[in-house]
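# Breakdown of the fold
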Amino acid sequence: VGDIQYMTEWDAKNGTTYVSQIHQWIADNVDSKNIQYVAGMGDVTNGNTAAEWQIALDVITQLNGKVPYSVINGNHDHYANNSSQLGWKGIDQYFGKNEGYMSQFTGENGGLYQAGSVANTYYKFTVGSTKWLFINLDFAPSDDVLAWANRVVAAHPDHKVVMTTHGYVHMDGGPISDEDSNSLDGTHPDGTVKNNGEEMWTKFVSLHENIVMVLSGHMEANNIMMSQGKGVHGNTVTQMLIDSQDSDGKLGGLGYVLLYHFNEDGSEFYT
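Throughout what follows, the structure given in this document is the object of discussion.

Thresholds applied
- Residues numbered from 1 in each chain as written.
- Predicted model: local features only at pLDDT ≥ 70, side-chain atom pairs only at ≥ 80, totals over all residues.
- Heavy atoms only, no water.
- Axes fitted to C-alpha atoms, helices over the stretch in contact; angles between N-to-C directions.
- Helix = DSSP H or I, 4+ residues; strand = E, 2+ residues; numbered from the N terminus.
- Parallel < 35°, antiparallel > 145°, perpendicular 65-115°, else oblique.
- Contact = heavy atoms within 4.5 Å.
- Buried < 20%, exposed > 50% of the residue type's maximum accessible area, 1.4 Å probe, protein only.
- Polar contact = N/O pair within 3.5 Å; in protein donor to acceptor, adjacent residues only side chain to side chain.
- Phe/Tyr/Trp six-rings, centres within 6.5 Å; stacked < 30°, edge-to-face > 60°.

## Points about the packing of helix α1 (residues 5-14) against helix α2 (residues 18-28)
Remark: α1 packs on α2, axes separated minimally by 7 Å, with the N-to-C direction vectors making an angle of 120°. Taken together, α1 and α2 sit at an angle that is classed as oblique. Only Tyr18, Val19, Ser20 and Ile22 of α2 make contact with α1, whose side of the interface consists of Met7, Thr8, Trp10 and Asp11.

Below is the structure:
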């Protein structure tokens, strides 16, 4: 599910139901389409307000108990420019306090970077004989978060790993540099250094033979952008940008979701 920020904002202001319709469709089709996992690409909100977070919580948690899923922060979910915006606290004030969501990452199949916070999580599951691990990182993760991610992936060498984070793939399909997106440059309010797409590739993604895919949003693209890179072990990492917010903004909430169809051993997929 790409950046839903405009739709969440519209729903909160106008009483529309764009985000609800997307997640209700997913919930209704879990069985018929054999959906195993649902990954959000960040920018859950546009203004990082309590009203937008409440809308997002109410509708996304329709998936509780039906299919595993992850929610991550985007840069819009970090805004703290005025008293009505929640800074980094929104995801934990809302999804972190939802037992149905939090329980995914506190049981035997999941984990948290920081106790009590769902800003950085992982979840593992098996389809047929293929073991999968989704590691879901906060916007512009710090070096310490990447060190944690390295430990998690190294501890699961028998899993195919997919990383999700908000800002990673650029409009040309390659990893984002500082020049591509200023919001991925510099430091967070707590002083920790932001890592852009190129830095995440160097410090984390390229180092593990079992990382097979990176999914991200952030950059407004009307097409799915894709590139493939070779890690240090010669493995292929497919990197994809999923963000239909430009179309949503110009044409209204279109309700796009991207479906990945994998073969049984996870070696091939189509979208």
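## Some details on the environment of Asn263
When you line up the elements, Asn263 lands in the loop between β10 (261-262) and β11 (269-270). Residues Asn263 and Asn195, 68 residues apart in the sequence, show an inter-C-alpha distance of 33 Å.

## Thoughts on the side chain of Asn46
Mapping Asn46 onto the fold places it in the loop between β1 (38-39) and α3 (50-60). Asn46 sits in the buried class, given a relative accessible area of 14%. A distance of 3.0 Å separates a polar atom in the side chain of Asn46 from a polar atom in the side chain of Glu9. Not counting the four nearest positions on each side in its chain, Asn46 is found in contact with Gln5, Tyr6, Glu9, Glu52, His76 and Tyr79.

## Thoughts on the packing of aromatic side chains
Aromatic ring pairs are reported here in terms of the distance separating the ring centres and the angle at which the planes meet. Scanning all chains against the criterion turns up 19 aromatic pairs. A ring pair is formed by Tyr122 and Trp148, whose centres lie 6.2 Å apart and whose planes are at 40°; its orientation type is tilted. Here Tyr122, found in strand β4 (residues 121-127), pairs with Trp148, found in helix α6 (residues 143-154); they are 26 residues apart in sequence, far enough to count as distant. A relative accessible area of 14% means that Tyr122 is categorised as buried. Judged by its relative accessible area of 8%, Trp148 falls in the buried class.

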